[in-house]
Amino acid sequence: MNRYAYALQSWIKPLVWAAAVLALAFDDFVFVEALLLFSALMLMPLWYGTKTWRHRLEYAAAVVMAGSFLLKPGVGSALCALPWLAMRVYALKEVSAKWRTLGVPSAGAACEQMAVVFPAIGAAWLVANRANWTPWGFDPLIVLLTAAHFHHAGFTLPLMAGLNAKAKPGCWTRFSCVAILLGVPLVAMGITCTHSGVWKFVEPFGVVVLVLGALGVALSQMRRGLERKHSAMPRLGFVISGVSLLAAMLLALGFGLRYVLPDFALTMPQMWKIHGTLNAFGFGLCGILAWRKVQPIKPC
């Protein structure tokens with residue numbers, strides 16, 4: 001009975017979530033919103049758990065934040081998103097205090113800790129979206145996509161890069177961590193530069209750096225799936241996670257180089273539906289479920 005209950009909680013519930021999000025794929029805004037909520041309400045609690053007071057508060061803030069999408073963008077909607085921003089900033093403050101006390105950690109540990117920090121940037125952009133603000137003249141959809149980017153690429157990618165670096169220390173996993181730590185903010189900066197019409201090389205450069213780091217994570221996940229010491233389900237999860245990330249990042253590379261090689265780029269709606277789905281469910285969900293099976297939860 002315990003094993004059945006664990007399977008129900010750890011596998012069936014997330015898959016129901018995934019099906020619900022995919023059912024919204026035909027509405028652009030709602031689909032992106034659902035992807036963002038999937039990270040805050042499912043992926044983060046699935047990894048960190050809800051046993052500590054901070055993580056229980058984070059989950060409550062995420063539920064209130066979800067309510068912001070039931071309101072029209074404005075003051076009331078932004079107020080609903082503020083508790084989530086406050087909890088993410090608090091998490092960022094804890095990581096900063098740890099770095100000041102203990103010094104800068106290894107690349108793997110830093111990557112795992114930045115999985116706590118990057119979503120704070122996404123939460124700030126989310127508040128802007130719910131308040132109907134358009135920073136630097138960005139379209140509201142771009143503001144929402146930026147928030148979603150930092151809740152997925154800013155969470156699952158550094159998290160699993162750090163986990164792989166700690167499990168298999170080496171030059172390749174360390175390089176992946178450094179590339180991801182640089183690539184995630186570089187991509188966001190590059191999009192801003194492209195939008196502003198300056199330094200257009202930053203976006204493709206950032207995408208290449210991020211893709212190289214993600215390639216290392218994808219190969220590490222697939223290699224972990226071939227390790228016979230794990231049971232069948234986590235091995236399958238690792239393989240699906242690695243293959244999904246590889247496919248998603250090849251699409252991201254094509255989109256990032258769209259001004260150089262336009263024939264290889266998907267349209268933006270195709271990107272957030274295909275690339276976003278691969279990242280959220282194939283890479284993120286399957287990867288977290290697999291890692292949860294092979295090591296205990298360690299709240300950060």
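Owing to the predicted nature of the structure, the values given are computational and were not obtained by experimental measurement.

Trainee: Quick question: what am I supposed to make of the side chain of Gln-221 here?
Mentor: The residue Gln-221 is located in helix H9 (residues 202-225) in this model. Residue Gln-221 is classed as buried on the basis of its relative accessible area, which comes to 0%. Other than its neighbours up to four places away in sequence, Gln-221 contacts Met-160, Asn-164, Phe-238, Val-239, Ser-241, Gly-242, Phe-283, Gly-287 and Trp-291.

Trainee: What should I look at first to understand the environment of Trp-99 in this one?
Mentor: By the secondary structure assignment, Trp-99 is in helix H4 (residues 75-102). Along the sequence, Trp-99 and Ala-110 sit 11 residues apart, while their C-alpha atoms lie 9.2 Å from each other. At 2.4 Å, the side chain of Trp-99 forms a polar contact with the side chain of Gln-113.

Trainee: Sorry, what's going on with helix H3 (residues 53-67) here?
Mentor: Each full turn of the α-helix corresponds to 3.6 residues, which orients residues three or four apart in the same direction. Taking 1.5 Å of rise per residue, 15 residues should cover 21 Å, and H3 covers 21 Å from first to last C-alpha, within 8% of that figure. Of the positions making up H3, those classed as buried are Arg-54, His-55, Glu-58, Ala-61, Ala-62, Met-65 and Ala-66. The buried residues of H3 occupy an angular sector of 145° when the element is viewed end-on, so they sit on one face.

Trainee: Looking at this structure, I do not really get the side chain of His-230. What am I missing?
Mentor: Inspection of the secondary structure puts His-230 in the loop between H9 and helix H10 (232-256). On the basis of relative accessibility, which here comes to 15%, the residue His-230 falls in the buried class. Of note is the side chain of His-230, whose polar atom sits 3.1 Å from the side chain of Glu-227. Setting aside residues up to four positions removed in sequence, His-230 forms contacts with Arg-224, Arg-235, Phe-238 and Val-294.

Trainee: Could you clarify how one ought to interpret the packing of helix H7 (residues 156-167) against H9 in this entry?
Mentor: For any two helices packed against each other, one specifies the crossing angle of their axes together with the interaxial distance. Viewed as axis vectors pointing N to C, H7 and H9 meet at an angle of 55°, and their least axial separation amounts to 10 Å. The pairing of H7 with H9 is recorded here as oblique in orientation. In this structure, H7 meets H9 at a crossing whose hand is left-handed. Contacts between H7 and H9 pair Leu-157, Met-160, Ala-161, Asn-164 and Ala-167 from the former with Leu-210, Ala-214, Val-217, Ser-220, Gln-221 and Arg-224 from the latter. Of the residues in the contact of H7 with H9, the class split is 7 nonpolar, 3 polar and 1 charged.

Trainee: Explain the pattern of salt bridges here, please?
Mentor: A side chain with one charge can pair with a side chain of the opposite charge if their charged atoms come near. Here the structure, examined in full by the defined rule, presents 5 salt bridges. We note a salt bridge from Glu-112 to Lys-166, for which the minimum N-O separation is 2.9 Å. Of this pair, Glu-112 sits in helix H5 (residues 107-130) while Lys-166 is found in helix H7, placing the two residues 54 residues apart along the sequence. For the salt bridge of Glu-227 with Arg-224, the shortest nitrogen-to-oxygen distance reads 3.5 Å. Each of the two residues, Glu-227 as well as Arg-224, counts as buried. A single network of salt bridges, built from pairs that share partners, joins Arg-54, Glu-58, Arg-88 and Glu-94.

Trainee: Hey, could you run me through the nonpolar core in this one?
Mentor: Across soluble globular proteins, nonpolar side chains show a tendency to be buried alongside one another. In this structure, Met-65, Trp-84 and Phe-155 are the most contacted members of the largest nonpolar core, which totals 80 residues. Ranked by the residues each element gives to this core, the list is headed by helix H2 (residues 28-48), at 14 residues. What Phe-155 contacts, discounting residues up to four positions off in sequence, is Ser-39, Leu-43, Met-44, Trp-47, Tyr-48, Ala-115, Pro-119, Phe-150 and Ile-288.

Trainee: In this structure, what is going on with the confidence of the model for the chain? I would like to understand it.
Mentor: Any residue range with low pLDDT should be treated as having predicted coordinates unsuitable for detailed reading. Overall, the prediction assigns the chain a mean pLDDT of 86, with 89% of residues at 70 or greater. Low pLDDT (under 50) marks residues 1-8, which in the prediction has 5 contacts with non-local residues, meaning those over four places away or in another chain.

Parameters and conventions
Residues numbered from 1 in each chain as written. Predicted model: local features only at pLDDT ≥ 70, side-chain atom pairs only at ≥ 80, totals over all residues. Heavy atoms only, no water. Helix = DSSP H or I, 4+ residues; strand = E, 2+ residues; numbered from the N terminus. Buried < 20%, exposed > 50% of the residue type's maximum accessible area, 1.4 Å probe, protein only. Contact = heavy atoms within 4.5 Å. Polar contact = N/O pair within 3.5 Å; in protein donor to acceptor, adjacent residues only side chain to side chain. Expected span 1.5 Å × (residues − 1). Arc of directions from axis to C-beta. Axes fitted to C-alpha atoms, helices over the stretch in contact; angles between N-to-C directions. Parallel < 35°, antiparallel > 145°, perpendicular 65-115°, else oblique. Left-handed = near helix turned anticlockwise from the far one by under 90°. Nonpolar A, V, L, I, M, F, W, Y, C, P; charged D, E, K, R; others polar. Salt bridge = Lys/Arg side-chain N within 4 Å of Asp/Glu carboxyl O. Core = buried A, V, L, I, M, F, W, Y, C linked by side-chain atoms within 4.5 Å. pLDDT = per-residue confidence, 0-100.

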